[in-house]
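In case you want the letters, here they are:
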Amino acid sequence: MLPSVLQPLAVVLALSVGTSVSQAVTSIISRRVTEYLLPVAKQTHEIAKVPGSNFLLVSQMSNSKLIKVELDPSTEAPIAYQSFPMGENSTSGLHGIWPSAKFPGMVWLSLQSENKLLLVDPGSTLSDAPTILETIDIPVPGNGPHSIFEIGNHIWAGLKDPSPQTGEYYAFSADIDNTTDTALYPCLKSPVFIQQEPTTSHIYLTQDASSSIMRIDLSTGETSQLPIPPSVGVNPVGMITIPSSGPLSGLWFVLAGNSTGGTGTFGRILPSGDLEFFTLSTPLLGTGAAFLHLADASTPSEPALWLLATSLLSPNSPDALVRVTFDEGITEVTGEEYVAILTQNAWAHRIVVMEKTVMVSELNTFSLAQLGYEGTAAGGWLPARALTDPTVYEQEV
Ligand SMILES: *[C@@H]1O[C@H](CO)[C@@H](O)[C@H](O)[C@H]1NC(C)=O
Ligand SMILES: *[C@@H]1O[C@H](CO)[C@@H](O)[C@H](O)[C@H]1NC(C)=O
Ligand SMILES: *[C@@H]1O[C@H](CO)[C@@H](O)[C@H](O)[C@H]1NC(C)=O
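Residues numbered from 1 in each chain as written. Chains lettered and ligands numbered in written order. Predicted model: local features only at pLDDT ≥ 70, side-chain atom pairs only at ≥ 80, totals over all residues.

Topic: the overall build of the chain
Then step 1. Check the secondary structure of the chain and you find two helices and 28 strands.
Then step 2. Since a compact globule built from 397 residues should have a radius of gyration of about 21 Å, the 23 Å found for the chain is in line with a globular shape.
Then step 3. Relative to its 397 residues, the chain shows a buried fraction of 43%.
Then step 4. In the chain, the proportion of contacts linking residues at least 24 apart, taken out of those at least 6 apart, comes to 48%. (Helix = DSSP H or I, 4+ residues; strand = E, 2+ residues; numbered from the N terminus. Rg over C-alpha atoms; globule rule 2.2 N^0.38 Å. Buried ≥ 20, exposed ≤ 12 C-beta atoms within 10 Å, placed from the backbone. Contact = placed C-beta atoms within 7 Å.)

Brief notes about the sheet that holds strand E17 (residues 222–227)
Then step 1. Spatially, four strands are ordered E14-E15-E16-E17 in an open sheet, and the strand pairing comes out antiparallel. At either end of the open sheet lies a strand with only one pairing partner, and these are strand E14 (191–196) and E17. Each neighbouring strand pair of the sheet contributes to a mean axis angle of 20°, computed without reference to strand direction. (Pairing = 2+ DSSP bridges. Axes fitted to C-alpha atoms, helices over the stretch in contact; angles between N-to-C directions.)

So, the pairing of strand E21 (residues 275–279)
Then step 1. In this sheet, E21 lies alongside strand E20 (residues 265–269) in antiparallel orientation, the contact comprising five bridges. Each residue of the ladder has a partner; that of Ile-269, found in E21, is Leu-275.
Then step 2. Hairpin connection between E20 and E21: a loop of five residues separates the two successive antiparallel strands, and Gly-273 in this loop has a positive phi of roughly 95°.

What about the sheet that holds strand E11 (residues 154–159)?
What holds strands together in a sheet is hydrogen bonding between their backbones, with the strands either parallel or antiparallel.
Then step 1. The four strands are arranged E10-E11-E12-E13 in an open sheet whose pairing can be described as antiparallel. On the outer flanks of this sheet lie strand E10 (145–151) and strand E13 (178–187), each paired with one strand and no other. Each neighbouring strand pair of the sheet contributes to a mean axis angle of 20°, computed without reference to strand direction.
Then step 2. Alignment of strand E12 (residues 169–175) against E13, held across seven bridges, turns out to be antiparallel. Its bridge partner lying in E13, Asp-175 is registered against Asn-178.

Structural notes on the nonpolar core
Then step 1. One finds Phe-291, Leu-307 and Leu-308 to be the most contacted residues of the largest nonpolar core, which totals 99 residues.
Then step 2. With residues near it in sequence (within four places) discarded, Leu-308 still touches Phe-291, Leu-292, His-293, Leu-294, Leu-321, Ala-348, Ile-351 and Val-360. (Core = buried A, V, L, I, M, F, W, Y, C linked by C-beta atoms within 7 Å.)

Topic: the confidence of the model for the chain
A low pLDDT score tells you not to read the predicted coordinates there in detail.
Then step 1. Summarising the model, the chain shows a mean pLDDT of 93, and 94% of its residues fall at 70 or more.
Then step 2. Predicted confidence is poor over residues 1–15, with pLDDT under 50, and the contacts of this stretch with residues over four places away or in other chains come to two contacts. (pLDDT = per-residue confidence, 0-100.)

Quick notes on the environment of Ala-41
Then step 1. Position of Ala-41 among the secondary structure elements: in the loop between strand E1 (30–37) and strand E2 (44–49).
Then step 2. Here Ala-41 falls in the partly exposed class, since 19 other C-beta atoms lie within 10 Å of it.
Then step 3. Along the backbone, Ala-41 and Phe-291 are 250 residues apart, and their C-alpha atoms lie at a distance of 23 Å.
Then step 4. Ignoring any residue separated from it by four or fewer positions in sequence, one finds Ala-41 in contact with Gln-60, Ser-62, Asn-63, Lys-65 and Phe-366.

Section: the pairing of strand E28 (residues 367–374)
Each regular strand carries side chains that alternate between the two faces of the sheet.
Then step 1. As paired strands, E1 and E28 are joined by eight bridges and run antiparallel to one another. Residue pairing for E28: Thr-34 is matched across the bridge by Gln-370.

Remarks on unusual backbone geometry
Then step 1. At the junction of Val-140 and Pro-141, the peptide bond is cis and its omega measures out at 10° in the coordinates.
Then step 2. Looking at where Pro-141 falls in the secondary structure, it is placed in the loop between strand E9 (131–137) and E10.
Then step 3. Following Lys-189, the chain continues to Ser-190 via a peptide bond in cis, the omega torsion being -15°.
Then step 4. Structurally, Ser-190 is set in the loop between E13 and E14.
Then step 5. Unlike most non-glycine residues, Ser-201 shows phi in positive territory, near 65°.
Then step 6. Residue position: Ser-201 is located in the loop between E14 and strand E15 (203–207).
Then step 7. Non-glycine residue Phe-366 carries a positive phi angle of around 35°.
Then step 8. Phe-366 gets classed as buried once you count the C-beta atoms within 10 Å, which come to 20.

With respect to the environment of Ala-129
Then step 1. Its place among the elements puts Ala-129 in the loop between strand E8 (116–121) and E9.
Then step 2. As a C-alpha pair, Ala-129 and Leu-66 span 63 residues in sequence and 9.9 Å in three-dimensional space.
Then step 3. For Ala-129, the residues in contact, after removing those within four places along its chain, are Phe-84 and Gly-123.

Describing the environment of Tyr-338
Then step 1. Take Tyr-338: it is sitting in strand E25 (residues 333–340).
Then step 2. Accessibility expressed as a C-beta count within 10 Å gives 19 for Tyr-338, which makes it partly exposed.
Then step 3. In sequence terms Tyr-338 and Pro-318 are 20 residues apart; their C-alpha atoms lie 11 Å from each other.

So this is what it looks like as C-alpha cells:
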C-alpha cells in the first residue's frame, strides 16, 4: 500500500502510462566476462594470438607446456585446446611468447631454465605439434630469458635471473639473420619488457625490482637509467609501443606496486626520455590498483588504453581491466571504465586485444578471461560512465 499522499500521483502515473504512445522496442546492450578453464598448472603466463590463424598460444611455465587454444572464428570464444611439452622436460621453464612479424605465422618462445630462445611453427591444426625452426642459445654470462620481443631485425629478451658467472642482470639481443651476432647489455634487477621508441629508435626496458627504466642508445651502445620517483609508485613492468601516428603514439608503461598494493599509476616515455605519469582518480577499484600489463584500446574516434590490474603482488589490488580515456591534449585521464575479472586472487597477467574481444590470462588460476560487448563497444558502457559523469543522466527523458 502506498502512503496516502502519494496515491493521487500513482493514479496520474498509471493513467499516463496507459494513454502514452508506447516506445520502440530497444535491443539490450550488454558486456560480459566469461572464464575458460585451461589445464591445471601453478603458473599460466603469457598469451599471444597467432596472426592470420584462429589460435591463441598460452605458456604454462611451471610444467613447461605450450597450450594451443582454438578460437571460434566469429565469436573469438575459446572452443578447444591441446597442450604440448616444450623443452627437454617439465623444468625447462617455457615463459615468453611473441608472434614474429618477420616470419608471419611463426612465434618466438623462451625457455627460461634452458637459457634458450626458439623460433617455432605452431602448426596449422589444433593437434599439429609445434615444430622448432631455430634455437638461439643465450651466451655466457647471460641467464634466464623471460619476456621476448622481435624489434625490427632483432630478437630481444630480458634475462630475469642473475648470471651464475657475474651475478649481474642483462638484456639480450641477436640479429635474426645472423643469430651468432649477439649483444648483452648489463642492466638492473630484473629486465622485463623491452620496446623501441618510434621517433628516436632508442630501446627502453623496464626493470621491476629496481623500479627503474633503462634506455639504450643503439647508435653508441650507451645506456642510462630513468628511475621511477617513489612518490608515484614502484615496479615498472608492462610496456607497449603505440605506433607513431595518433595522439597516444610512443611508449606507455604501468607500475605493478608491491606487497602493500599499487597506486593506480601508469606512465608515458616521451621521445626526450622524460617520464610522464597518470593516476586514476575514481575511488573504486582503481586507486589502489597495481597494473601489470596494458594494451591499446583506441577506437578511430577516441584514444584509450586498457590497463590490467592484478593481485599478483598484493591482495590489496583487484584483478580487473580498466579502460582509460584522456583529454584532447593527453594531459590527464578523463574516463575510467572498470571490469572486474570474475575470479579474484587470479594474479591477472597479460592482455591480448583481438578483433572484437579482449583476453586476459590468469596466472594463479589457470584460466583465460574474455571480455566482450553486445550492441555497444568498450568505452560505450553507460553505467560505467554514470559512476563518474553526471551528464549521463541528461539522456533521461
Ligand atoms: C631436466 O633436464 C635437465 C637438463 O638436461 C636436467 O638437469 C634435469 O635433471 C631434468 N629434470 C627432470 C625432472 O628430469
Ligand atoms: C655473424 O656474426 C658474427 C659475430 O658478429 C660474425 O663474426 C660473422 O662474420 C657474421 N656472419 C655473417 C655471415 O655475416
Ligand atoms: C611500496 O611502495 C610504496 C610506494 O608506492 C612505498 O611507499 C612503500 O614503502 C613500499 N612498501 C614496501 C613494503 O616496499
